[in-house]
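In case you want the letters, here they are:
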Amino acid sequence: MELELAAKLAIYEHFATSGHRPSVADIAARVGADVPEVREILVRLRAQRVLVLEADGESIRMAPPFSGVPTQHRVIAAGVSYYANCAWDAFGIPAALHRPATVHSRCEQSFEPLDLPVSDQGPRASDWLFHCVVPAAQWWDDIVFT
Amino acid sequence: MLFFRSEERVREWCSAMGYPLRPLVRMDQLWELAREWYSTRLQPESRRPQPAEMRRIFARLGLAGDFWDPQSDAFGGGAGKTEGSR
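Because the structure is predicted, anything quoted here is derived from the model rather than measured.

Here is what the cut-offs are and how they apply
- Per chain, residues are indexed from 1 in the order of the written sequence.
- Following the order in which they are written, the chains are lettered starting with A and the ligands numbered starting with 1.
- The predicted origin of the model limits local features to residues at a pLDDT of at least 70 and limits the giving and counting of side-chain atom pairs to 80 or more, whereas totals for whole chains, interfaces and linings rest on all residues.
- Think of a nonpolar core as buried Ala, Val, Leu, Ile, Met, Phe, Trp, Tyr and Cys residues chained together by C-beta atoms that fall within 7 Å.
- Note on burial: count the other C-beta atoms lying within 10 Å of the residue's C-beta; 20 or more is buried, 12 or fewer is exposed, in between is partly exposed, and C-beta positions come from the backbone.
- Each helix is a run of DSSP H or I of at least 4 residues and each strand a run of E of at least 2, with the numbering of both proceeding from the N terminus.
- Start and end points for every domain follow an automatic or database-based domain assignment.
- Residues are defined as contacting one another if the C-beta atoms placed from their backbone atoms lie within 7 Å.
- The rule for pairing is simple: two strands pair if DSSP sees at least two bridges between them.
- For helices, the fitted axis covers only the stretch in contact; all axes are lines through C-alpha atoms, and the angles between them, taken along N-to-C directions, range from 0 to 180 degrees.
- By this rule the span expected of a helix is its residue count minus one, scaled by 1.5 Å.
- Think of it as the arc spanned by the lines of direction from the helix axis to the C-beta atoms.

Focus on the nonpolar core
1) Next: One finds A87 and I93 of chain A together with L30 of chain B to be the most contacted residues of the largest nonpolar core, which totals 51 residues.
2) Next: With eight residues, the single largest contributor to this core is helix 4 (residues 87–97) of chain A.
3) Next: Counting contributing residues per domain, this core is built from domain 1 (2–63) and domain 2 (73–142) of chain A, each supplying no fewer than three.
4) Next: For A87 of chain A, the contacting residues outside a window of four places in its chain are H73, S105 and F130 of chain A together with M1, L2, F3 and L30 of chain B.
5) Next: A136, A137 and W139 of chain A together with M54 of chain B belong to the second largest nonpolar core, which has seven residues in total.

Right, dumping it as structure tokens:
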């Protein structure tokens, strides 16, 4: 369990410092484990809904609020560029980092750009809206779609 | 989970995509949701809100009804069993 927690923290620290997902080898080196052991940990973290993995079973697609792949939701904080999984997670990145940030996204209908500064007190006053099609009880049925 | 410029744009998008219109969330409400879910995410003791806590958070923000209930079976498909905590 201790190694699992260390791996989870290593994943999040890698995202937070670089804006990118770590590889299995990155995580293994960080926690002093071997690669097969880390692969098993990733599967367990997926089962706990801490991560979402790609089809290869080891590349990190999501470590919410961070996205391991480019998305339309980009967040810049302290000069580091991050991708968020969704609009909720775009606000989640400055909340997790405890740093001011700017959220860059778009209106899904008009494609009008959104460039919204977010401080530790929250976003600048804005009349934009958030909309989610999927009810809360079904979010994890297909979390990538959600 | 998407941003929209206005309610009119949400309605247009739902109509074009064939999706139902769901409850709309303001930016200040979304920030509170993000804080509740993620403010401890980089810390060892971090944990995702569980269903009872989710209900409390949603209620505090005025987000009420079956749509926000993580164990609701109002939308079919056995969805109530997934306990959709993010």
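A closer look at helix 4 of chain A
Residues and elements named next belong to chain A.
1) Next: A large share of helix 4 lies buried, amounting to eleven of its eleven residues.
2) Next: All of the buried residues along helix 4 are A87, W88, D89, A90, F91, G92, I93, P94, A95, A96 and L97.
3) Next: Two residues or fewer past helix 4, H98 is found with a positive phi of approximately 55 degrees.

Regarding the sheet that holds strand 9 (residues 129–131) of chain A
1) Next: Strand order across the open sheet formed by three strands is 1(B)-9(A)-2(B), with antiparallel pairing between neighbours. One side of each edge strand has no neighbouring strand; the edge strands of this open sheet are strand 1 (2–4) and strand 2 (24–26) of chain B. Each strand axis lies, on average, 40 degrees off the axis of its neighbour in the sheet, ignoring direction.
2) Next: Of the pairings in the sheet, the one linking strand 9 of chain A to strand 1 of chain B comprises three bridges and is antiparallel in character. Directly across from H131 of chain A, in strand 1 of chain B, lies its bridge partner L2 of chain B.
3) Next: Packed onto the sheet, helix 2 (residues 27–38) of chain B meets strand 9 of chain A together with strand 2 of chain B and runs at close to 85 degrees relative to strand 2 of chain B.

A closer look at helix 3 (residues 35–47) of chain A
Note that an α-helix has 3.6 residues per turn; residues three or four places apart therefore point the same way.
Residues and elements named next belong to chain A.
1) Next: The end-to-end C-alpha distance of helix 3, which contains 13 residues, comes to 19 Å, matching closely the 18 Å that a straight helix rising 1.5 Å per residue would cover.
2) Next: Looking at helix 3, one finds that the buried residues are V38, I41 and L42. The buried residues of helix 3 occupy an angular sector of 105 degrees when the element is viewed end-on, so they sit on one face. Exposed side of helix 3, more than 90 degrees from the buried face: P36 and A47 are the residues found there.
3) Next: Of the surrounding secondary structure, the elements contacted by the buried residues of helix 3 are helix 1 (2–18), helix 2 (24–31) and strand 1 (52–53).
4) Next: Residue R49 follows helix 3 closely and has a positive phi angle near 65 degrees.

Looking at unusual backbone geometry
Residue and element names in this part refer to chain A.
1) Next: Put simply, P64 and P65 share a cis peptide bond, and its omega is 10 degrees.
2) Next: Mapping P65 onto the fold places it in the loop between strand 2 (60–63) and strand 3 (66–67).
3) Next: Positive phi outside glycine occurs at F111, with the angle close to 65 degrees.
4) Next: With 10 C-beta atoms counted inside 10 Å, the residue F111 sits in the exposed group.

Notes on the environment of L42 of chain A
Residue and element names in this part refer to chain A.
1) Next: Relative to the helices and strands, L42 resides in helix 3.
2) Next: The buried category is assigned to L42, around which 22 C-beta atoms lie within 10 Å.
3) Next: The contact partners of L42, leaving out residues within four places of it in the chain, are L51, L53 and E58.

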